[in-house]
Amino acid sequence: MARQAGREEIAPEAESSNSATNGLGCWIWAARTFDRQTCLLWRSFDIPASTTVAQAWLTMTADNEYNLFLDGRNVGRGAEWRHLGRYDLTQLMSPGKHVLAVEAYNVDAEAGMLLGLQVNLADGRVLHIKSDTSWRIVPKEVRGWQTMTKAPDSWPAATVIGPIGTRPWWTTPEGIEINPALQLIKIPFWQAGWFQIILLTLCATAILISFYLMSQLTFHQKERWLLQQERARIARDIHDDIVSRMTQLVLHGEVARNDLPADSETRLQLDLFCEEARGLLATLDEVLWAVNPRRDTLRDFASYVTDYAQKSLKHTSIQCVLDVDLEMSVEAIDLPLRRNLLMAIKETLNNALKYSEATELLLQIQRQNQGLAVVVQDNGRGFDPATPTPGRNGLTNMTQRMAELGGHCRVISQPGQGCRIEFWVPLNRSRRHLWGRMWRSKQFSTNVIETKNPAAKSLTI
Amino acid sequence: MIPPSVRTRGPLKVALVEDQPKVRESWTRLINSFSDLSCICACATGEEAVRIIPQKLPDVILMDIFLPRMSGIECTARLKVLLPNVQIVILTAMDDQELVFMALEAGADGYLLKRTKPSELRTALLDVLGGGAPMTSQIARRVIESFRQKAKTLGESVHLSVREEQILAHLSQGYSNKQIASKLELSIDTVCSHLKHVYEKLHVSSRTEAAVRYIASKTPP
């Protein structure tokens, strides 16, 4: 049956002789034989698409050694020409094109390769592939030759050395080595190409996003840093240009006043002048407090608020009692937060001063649940929070202001029972969001660094 | 109010450290306008103060907190080493308790706002000399905190006594010396002298040369 090279014989199942040498081709080799020769033999074949493979056995040997590849996978090897190797390739055969490749090596003298592949198809047909002239010789090792589905024209056909029984080889093999059935290599999903590509893509995306965030972070940090610098500069300017000079003014005024006789009209006016200027300086203290970034700490805030409360209650009948966490840290409290909180507390103190008729007022500042809790409680006459009282409309403002900061404000009062107002503001507002947290933690660490050594900055105001 | 030892010696000798010439002049005139105060020396820089003041032996030093090069705080620390018995009062334009606390830690015995009325200035100076340096609740809180921290981190040998801590705690709650005295059934003088000891203890750790160097390194020129 002379067939075109590269075409396989498909025949209805004929005599299925179990003889080992049945179905084998001839000894084939390259046109030239020499010592220490590597001969690469190649053949492709098709399994019809319409059917499945019931069984596929390959039998082969070579003088002296061989490596057998199916579709690029090394499926067998042998180094004894007296024996035949038998391989069960059933699992590896599927409809479509396949490539058999043999890398044979001749130590010396005669050389040949003998092979037979029998594929039993599910529909009863049998496919025979034998070592014959349909094989091609790969003249020079090409990368990936074991998987090439088409042979270039430059690959010559194999040369038949002789049929089975040709000297010096055997007529019947001395032994048959049956190899265990080869299984499809199950590639774990993490080794699969698609998975690795997805993984790489994800990594690349993550890296890109990180770069973006980092640049954003740097940008924000720089912005923040610039803002702080600017605030520090303004604070310094106010101090040097306004506070210092106004203090001088007061001083000169006092000196001038002292030089005047006690009953002088001008002296009284100078007194008023100095008093007014002192009031102005006290106001500037507050402006400086708000502007100076060095004072963005919890401790300073507590200090300032308690000082304010004491001063405003100093000349009243209300005793101011303070309860401040000793461990008030140098943790940062942002400008909007501390300003709004101060305004709310001021409002509360004002209300207490005007309406409560209390004798005692408690101001409590405590670190609580990731936030800052401030309680202002008096033992005054109280009121019903449900009924709006003229003058006390500040309460709505306060509640709104706290809500804007992500916190809350609670008013507990009853007529005759005093009044308790609780404020709570979160100190890390964006902690709820992942990005926010990243951004926050960075922010926080900067603050820690900045405030770790408050002394280093203190004298720059 | 004025301790007899001081009164018998005539007017209180005040030294002034202030960098601005006009302000210095005004302060001098203001101090001299009181019959019981006398400004014996006015320095323009911390360096000058450290050099000159020890020879003049004043009773009290008024120290501007912001000085060029050597800061008022560093100068205070250095002078306290040289003159442990001289009272130093920090002058500050702003009411900044954090800065004030640093000055107190460095060895100052009290502080005054520059805008303080002259009459109050006099009382405050006499208070400091009488050992009754006033302490605000904010400072009291910082003092307690500072001693606790030192005890924790440095194992500092200087501790507050129970009574002192009690008084500081009351101060930090906003009670006045008078109220504390009646609450603890002490005389006001006793409360004041306890506070004086607190100040002294606060200064002890600042009096060594090492501490001066530490403070100097903390304060920018």
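Note: the structure precedes this text.
Keep in mind that this is a model prediction, so the values were computed, not measured. (Residues numbered from 1 in each chain as written. Chains lettered and ligands numbered in written order. Predicted model: local features only at pLDDT ≥ 70, side-chain atom pairs only at ≥ 80, totals over all residues.)

**Q** So what's going on with the overall build of chain B? Residues and values would help.
**A** When helices and strands are counted, chain B shows 11 helices and 5 strands. Each of the 221 residues in chain B was classed as buried or not, and the buried ones make up 49%. Counted over contacts in chain B with a minimum sequence separation of 6, partners at least 24 positions apart contribute 65%. (Helix = DSSP H or I, 4+ residues; strand = E, 2+ residues; numbered from the N terminus. Buried ≥ 20, exposed ≤ 12 C-beta atoms within 10 Å, placed from the backbone. Contact = placed C-beta atoms within 7 Å.)

**Q** Break down the interface of chain B and chain A for me, with residues and values.
**A** Taken together, the 32 residues of chain B in the interface contact 32 residues of chain A. Sorting the residues of the side of chain B that touches chain A by element identifies α2 (21-32), α5 (97-106) and α7 (137-153) of chain B as the ones contributing at least two each. With 6 residues, the single largest contributor to the side of chain B that touches chain A is α2 of chain B. Here the side of chain B that touches chain A is composed, by residue class, of 12 nonpolar, 11 polar and 9 charged. (Nonpolar A, V, L, I, M, F, W, Y, C, P; charged D, E, K, R; others polar.)

**Q** Summarise helix α2 (residues 265-291) of chain A; cite the residues concerned and give the values.
**A** Residue and element names in this part refer to chain A. For α2, built from 27 residues, the straight-helix expectation of 39 Å at 1.5 Å per residue is met to within 8% by its first-to-last C-alpha distance of 39 Å. Looking at α2, one finds that the buried residues are L270, C274, L281, L288, W289 and V291. Contacts from the buried residues of α2 go to α1 (193-259) and α3 (298-313). (Expected span 1.5 Å × (residues − 1).)

**Q** Go over unusual backbone geometry with me, naming the residues and quoting the values.
**A** All names here are of chain A. Note that the residue after D63, namely N64, is joined by a cis bond; omega there is 10°. For R36, which is not glycine, the phi dihedral falls at a positive 50°. Relative to the helices and strands, R36 resides in the loop between β2 (27-29) and β3 (37-47). The phi torsion at A109 lies on the positive side, around 55°, for a residue other than glycine. Within the fold, A109 resides in the loop between β8 (96-106) and β9 (112-121).

**Q** So, the sheet that holds β3 of chain A: which residues are in play, and what are the values?
**A** Residues and elements named next belong to chain A. On the basis of which strands lie adjacent, the open sheet formed by 5 strands has the order β6-β5-β8-β3-β11 and antiparallel pairing. Two strands bound the open sheet, and with one partner strand each, they are β6 (73-78) and β11 (136-138). Across the sheet, the mean angle separating the axes of adjacent strands is 25° when strand polarity is ignored. As paired elements, β3 and β8 share 11 bridges and run antiparallel to each other. Note on β8: the bridge partner recorded for T38 is Y105. (Pairing = 2+ DSSP bridges. Axes fitted to C-alpha atoms, helices over the stretch in contact; angles between N-to-C directions.)

**Q** Describe in detail the nonpolar core, supporting the description with residues and values.
**A** If you look at the biggest cluster of nonpolar residues, it comprises 66 residues, and the most contacted ones within it are V60, I61, V89 and A103 of chain B. With 7 residues, α5 of chain B is the single largest residue contributor to this core. Of all hydrophobic cores here, the second largest spans 46 residues; its members include A309, I318, L341 and L395 of chain A. (Core = buried A, V, L, I, M, F, W, Y, C linked by C-beta atoms within 7 Å.)

**Q** How would you explain the pairing of strand β10 (residues 125-130) of chain A if you had to name every residue and give the values?
**A** As paired elements, β9 of chain A and β10 of chain A share 5 bridges and run antiparallel to each other. Opposite N120 of chain A, over in β10 of chain A, you have V126 of chain A as the bridge partner.

**Q** Residue-level account of the packing of helix α4 (residues 72-82) of chain B against α5 of chain B, with values.
**A** All names here are of chain B. Here α4 crosses α5 at 20°, and the two axes come no closer than 8 Å. With respect to their mutual orientation, α4 and α5 come out roughly parallel. Considering only the axes of α4 and α5, their crossing is right-handed. In contact with G72, I73, T76 and A77 of α4, α5 contributes M102, A103 and A106. Residue composition of the contact of α4 with α5, grouped by class: 5 nonpolar, 2 polar and no charged. (Parallel < 35°, antiparallel > 145°, perpendicular 65-115°, else oblique. Left-handed = near helix turned anticlockwise from the far one by under 90°.)

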